[in-house]
Each structure stands twice: as C-alpha cells, then as structure tokens.
Amino acid sequence: MYTRTGDRGETGLFSGERVPKDSLRVEAYGTVDELSCWIGYTRSLIESDEIDAIMERIQQDLFIVGTELATRHKESHVEKVQVTQDMVNRLEQEIDRLDAELSPLSTFIIPNGTGPAAALHVARTVARRAERRTITLAQEEGLNPPLVPYLNRLSSLLFVLARVVDKRAGVEEEKWSSRPLSS
C-alpha cells in the first residue's frame, strides 16, 4: 500500500496537518509504534496467558499513546483519546503485584535470560527511548500530563515482567559485578 504523500519527507497528523517525518512529534509516536512491535514480538515468545493478557492490554494502551502523540494537544476537533491517570495507576498495580514475587535487587542485573525475558528487556529500552522522545516534545509544546508517567511506569513494568518470566522459568539472574572478571 502506498499513497506517495510521504515522498517529500512529510507525514500527516490526525488533523491533516503535514509535518516533517523527523519532527519531534513523529519521532515520539514512531518510537511508541516500535515499542508496540517489540511487545508484539515478545508476546509471540510468551507462554503464560497471564503475561500475554498484560502485554495485550499494553499494546491497546500504546495505540492511545500513539494517537495522542499524533494529535496536537490544542486540536479540539479531533475526538479526545487520552492517556489517563487510571492507566498509570493500573501499571503501578501490576508492578506491585508482580514485584511481590521477586527478591529485592541489591545490584544491577545483566539484561539476558530466557528469550522472552531478553525481548522484554529490549522492549524496556525502547520504552525508555519513547519516554525521552516524549519529554523532548513536551518541552516544545504542551502534552497531556499523564503521558510521560505512563511511559515511565511501562518501562518499569517491562523490567519487572522480564525478571518474573526468568524466575518462573527457573533462570537465575546474572548480577553485574563492578570488578573485572578474571580470565
């Protein structure tokens, strides 16, 4: 499928406004789209219905995040689809519930483990990048206040999910050591 409307390096926002494809707004919602793809890939590796359901909900939420980022905050003619504080609270509840299964961390862990856990770690880093891109955009123009906290909590949830997946699979976390390994 092609429209040729982007051949000059521009894309359209939901309002119909044309903006450069490398604009802050497009960078932000493009990174959210990439994140959703990584979560979709991770879901293909996950064998737990419980975790898959959490990740399905996240993907649904990310469409809301992307829609909001592809819409200028001041555009009142566009139906408001917004990230809410309730969405942030839901992520926090999932983090607390899942984190209760884990032992507290005393050091950094190396992001690896099972295939699904490693994919969750990649998704986590993409979520952090989406958060950074959104913060940069927010410095230029007003955004809905729960957007950044949502992305922040999402990266935390992905980290906890990676740890839970490994723990349930019986895979021990590899702890980071500040001392060089001897050969």
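What counts, and at which threshold
- Per chain, residue numbering runs from 1 following the sequence as it is written.
- Local features in this predicted model are restricted to residues of pLDDT 70 or higher, and side-chain atom pairs are both shown and tallied only at a pLDDT of 80 or more, whereas totals for entire chains, interfaces and linings draw on every residue.
- Calculated side-chain values reflect all of the structure's heavy atoms, with hydrogen atoms and water omitted.
- In DSSP terms, a helix is any run of H or I states spanning at least four residues, a strand is any run of E spanning at least two, and both are numbered starting from the N terminus.
- Each residue's exposure class comes from its accessible area (1.4 Å probe, protein chains only) as a fraction of the maximum for that residue type: buried when under 20%, exposed when over 50%, partly exposed otherwise.
- Reported accessibility uses the Shrake-Rupley method at a 1.4 Å probe radius. Residues are deemed covered only where the shown protein chains occlude them.
- Between Lys or Arg on one side and Asp or Glu on the other, a salt bridge is scored when a side-chain nitrogen of the former is within 4 Å of a carboxyl oxygen of the latter.
- Interaxial angles span 0 to 180 degrees and are taken between N-to-C directions of axes, which are lines fitted to C-alpha atoms, for helices over the stretch in contact.
- Here roughly perpendicular refers to angles of 65 to 115 degrees, roughly parallel to angles under 35, roughly antiparallel to angles over 145, and oblique to all remaining angles.
- Contacts are residue-level and defined by heavy atoms, with any inter-residue pair within 4.5 Å sufficient.
- All amino acids are sorted into three groups, where Ala, Val, Leu, Ile, Met, Phe, Trp, Tyr, Cys and Pro are nonpolar, Asp, Glu, Lys and Arg are charged, and the leftover types, Gly among them, are polar.
- Helix crossings are classified by the rotation of the near helix relative to the far one: an anticlockwise turn of less than a right angle makes the crossing left-handed, while a clockwise turn makes it right-handed.
- A helix's residues, less one, multiplied by 1.5 Å, set its expected span.

Q: A description of the overall build of the chain should follow, citing residues and the corresponding values.
A: Summing up its helical and strand segments, the chain has five helices and two strands in all. Beginning at the N terminus, the succession of helices and strands in the chain can be written as β-β-α-α-α-α-α. Per-residue burial over the chain gives 40% buried out of 183 residues. Counting every atom, the chain has about 10600 Å² of accessible surface; 51% of that belongs to carbon and sulfur.

Q: Explain the pattern of salt bridges residue by residue, including any values.
A: This model, assessed by the stated rule, comprises 13 salt bridges. The residue Glu141 makes a salt bridge to Arg25 at a minimum N-O spacing of 2.3 Å. Pair noted here: Glu141 is in the loop between helix H4 (115–140) and helix H5 (147–168) and Arg25 is in helix H1 (residues 24–45), with a separation of 116 residues, a long-range link. We classify Glu141 as partly exposed; its relative accessible area is 24%. The network of salt bridges with shared partners includes Glu50, Glu94, Arg97, Glu101 and Arg168.

Q: Outline the packing of H4 against H5, supporting the account with residue identities and numerical values.
A: In contact at an axis separation of 8 Å, H4 and H5 are set at 170° when each is read in the N-to-C sense. Considering their axes alone, H4 and H5 lie roughly antiparallel with respect to each other. Of the residues in H5, those touching H4 at Pro116, Ala117, Leu120, His121, Ala123, Arg124, Ala127, Arg128, Ala130, Glu131, Thr134 and Ile135 are Leu147, Val148, Leu151, Asn152, Ser155, Ser156, Leu158, Phe159, Leu161, Ala162, Val165 and Asp166. Considered class by class, the residues forming the contact of H4 with H5 number 15 nonpolar, five polar and four charged.

Q: Go over the packing of H1 against H4, please, and point to the residues and values.
A: The contact between H1 and H4 brings their axes to 8 Å, and the two run at 165°. It follows that H1 is roughly antiparallel to H4 by the angle criterion. In terms of crossing hand, the pair formed by H1 and H4 is left-handed.

Q: Describe H5, naming the residues involved and giving the relevant values.
A: Between the first and last C-alpha of H5 there are 31 Å, a value that for 22 residues agrees with the 32 Å anticipated at 1.5 Å per step. A positive backbone phi angle near 80° is found at Gly170, which sits one or two residues after H5.

Q: Just give me the short version of the environment of Glu173, but keep the residues and values in it.
A: Note on placement: Glu173 falls in the segment after H5. Taking relative accessible area as the criterion, Glu173 reaches 17% and is therefore assigned buried. With residues near it in sequence (within four places) discarded, Glu173 still touches Leu105, Ile109 and Arg163.

So far we have only geometry, and geometry alone does not tell us how the molecule works.
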